[in-house]
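Coordinate analysis (summary)
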Amino acid sequence: QLQLQESGPGLVKPSETLSLTCAVSGGSIKNPTSYWGWVRQPPGKGLEWMGSIHSSGRTYDNPPLKSRVTTSIDASKNDFSLKLRAVTAADAAIYYCVRVDEFGNFDYWGQGTLVSVSS
Amino acid sequence: DIQVTQSPSSLSASVGDRVTITCRASQSISHYLSWYQQKPGKAPKLLIYSASTLQSGVTSRFSGSGSGTDFTLTISNLQPEDFATYYCQQADRTPWTFGQGTKVEIK
């Protein structure tokens, strides 16, 4: 059974960079039908897909975030990462890492990690 | 970008009821529509993909229908564990987008 687990700081200062990593277990990140990504959810609000990456290195961006988001993959560690630059209070959210199947369905989710933005 | 609009935003229902949630896409997405269930403090869970295909392990009390721009999630014989927030998501093209959610509460 595929499992995803987010890790990273729970508190980031305004204007700094939020960095999260997602460890994948129970399957290979190099599976050609898998895409890996990030979804966030501000407290009490809805879901926003942030971006995804394939093991080939191809990335898929969400235009409103494209200038601030970098996703990367480390096949040797079977994990992938998110960097969100220049954070503001509006970036405070629960961040989920996800596996996206080849049809665009988010079929595996991490448990989520809450990130707050404060000085 | 394809916008996805869910309705209603919330509803109250009783155990045993049949509940229907609708999702409308801003342009045709064929059958590329998924439904998720989220309980408080938990990650969303994929229920249905390709508009009507039940994800493995999901109870058949959940069903989906629709194509093009209009889609429906139906929960039959509502059970206590079904009280949650439900989201639709268009999987037709990036940027993948979610509906705003429908909270199903106990009447």
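Residues numbered from 1 in each chain as written. Chains lettered and ligands numbered in written order. Predicted model: local features only at pLDDT ≥ 70, side-chain atom pairs only at ≥ 80, totals over all residues. Heavy atoms only, no water.

Structural notes on the overall build of chain A
The helix and strand inventory of chain A stands at zero helices and eleven strands. When the elements of chain A are put in sequence order from the N terminus, they spell out β-β-β-β-β-β-β-β-β-β-β. Relative to the globule expectation of 14 Å for 119 residues, the C-alpha radius of gyration of chain A, 13 Å, shows essentially globular dimensions. Here the C-alpha coordinates of chain A stretch approximately 40 × 25 × 25 Å along the principal axes. By the burial criterion, 47% of the 119 residues in chain A qualify as buried. Summarising the internal contacts of chain A: among those between residues at least 6 apart in sequence, 55% fall at separations of at least 24. When the accessible surface of chain A is split by element, carbon and sulfur atoms take 50% of a total near 5500 Å². With 11 positive and 10 negative side-chain charges, chain A shows a spacing of 6 Å between the two charge centroids. (Helix = DSSP H or I, 4+ residues; strand = E, 2+ residues; numbered from the N terminus. Rg over C-alpha atoms; globule rule 2.2 N^0.38 Å. Buried < 20%, exposed > 50% of the residue type's maximum accessible area, 1.4 Å probe, protein only. Contact = heavy atoms within 4.5 Å. Areas by Shrake-Rupley, 256 points an atom, 1.4 Å probe, with all protein chains shown as cover. Lys, Arg positive; Asp, Glu negative; His and termini not counted. Charge placed at Lys NZ, Arg CZ, Asp CG, Glu CD.)

Looking at the overall build of chain B
In terms of helices and strands, chain B carries zero helices and eleven strands. Listing the helices and strands of chain B from first to last along the sequence gives β-β-β-β-β-β-β-β-β-β-β. Over its C-alpha atoms chain B spans a radius of gyration of 13 Å, differing by no more than 12% from the 13 Å that the globule rule assigns to 107 residues. Principal-axis analysis of the C-alpha atoms places the extent of chain B at approximately 35 × 25 × 25 Å. Expressed as a percentage of the 107 residues in chain B, the buried residues total 49%. Taking contacts inside chain B between residues at least 6 apart in sequence as the whole, the part at least 24 apart equals 55%. For chain B, the accessible surface area stands at approximately 4800 Å², while carbon and sulfur atoms represent 44% of it. Charge-centre separation for chain B: the mean point of 9 positive side chains lies 4 Å from the mean point of 7 negative side chains.

What to know about the side chain of A:Asp107
Following the sequence through the fold, A:Asp107 ends up in strand β10 (residues 106–109). Among the polar contacts listed, one links the side chain of A:Asp107 to the side chain of A:Arg99, at a separation of 2.6 Å. Excluding anything up to four places from it in sequence, A:Asp107 contacts A:Arg99, A:Val100, A:Asp101, B:Leu46 and B:Gln55. (Polar contact = N/O pair within 3.5 Å; in protein donor to acceptor, adjacent residues only side chain to side chain.)

Let's talk about the sheet that holds strand β3 (residues 19–25) of chain B
Residues and elements named next belong to chain B. With respect to topology, four strands assemble into an open sheet ordered β1-β3-β8-β7, the strand pairing being antiparallel. Only two strands of the sheet have a single neighbouring strand rather than two, namely β1 (4–7) and β7 (62–67). Each strand of the sheet is rotated relative to its neighbour by a mean of 15 degrees, with strand direction disregarded. With six bridges connecting them, β3 and strand β8 (residues 70–75) associate as antiparallel partners. (Pairing = 2+ DSSP bridges. Axes fitted to C-alpha atoms, helices over the stretch in contact; angles between N-to-C directions.)

Some remarks on the state of the cysteines
Residues and elements named next belong to chain A. Tallying each qualifying case throughout the model produces two disulfides over all chains. What pairs with Cys-22 in a disulfide is Cys-97, and their sulfur atoms sit 2.1 Å apart. Note on the Cys-22 and Cys-97 pair: the S-S dihedral is about 55 degrees, so by sign convention the disulfide is right-handed. With Cys-22 in strand β3 (residues 18–25) and Cys-97 in strand β9 (residues 93–100), the pair connects residues that are 75 residues apart, well separated along the chain. Cys-22 gets classed as buried once you look at its relative accessible area, which sits at 0%. (Disulfide = S-S within 2.5 Å.)

Section: the pattern of salt bridges
Within the structure shown, the criterion is met by nine salt bridges over all chains. With a closest N to O distance of 2.7 Å, A:Asp91 and A:Arg40 form a salt bridge. Within this pair, whereas A:Asp91 is found in the loop between β8 (79–84) and β9, its partner A:Arg40 is found in strand β4 (residues 35–41), the two being separated by 51 residues in sequence. The same class applies to A:Asp91 as to A:Arg40, namely buried. With a shortest N-O distance of 2.5 Å, B:Arg24 and B:Asp70 are connected by a salt bridge. Of this pair, B:Arg24 sits in strand β3 while B:Asp70 sits in strand β8; the two residues are 46 residues apart in sequence, bridging distant segments of the chain. For B:Arg24, a relative accessible area of 52% puts it in the exposed group. Residues participating in the shared-partner salt-bridge network are A:Arg40, A:Glu48, A:Arg68 and A:Asp91. (Salt bridge = Lys/Arg side-chain N within 4 Å of Asp/Glu carboxyl O.)

Any functional reading would require information beyond the geometric quantities listed.
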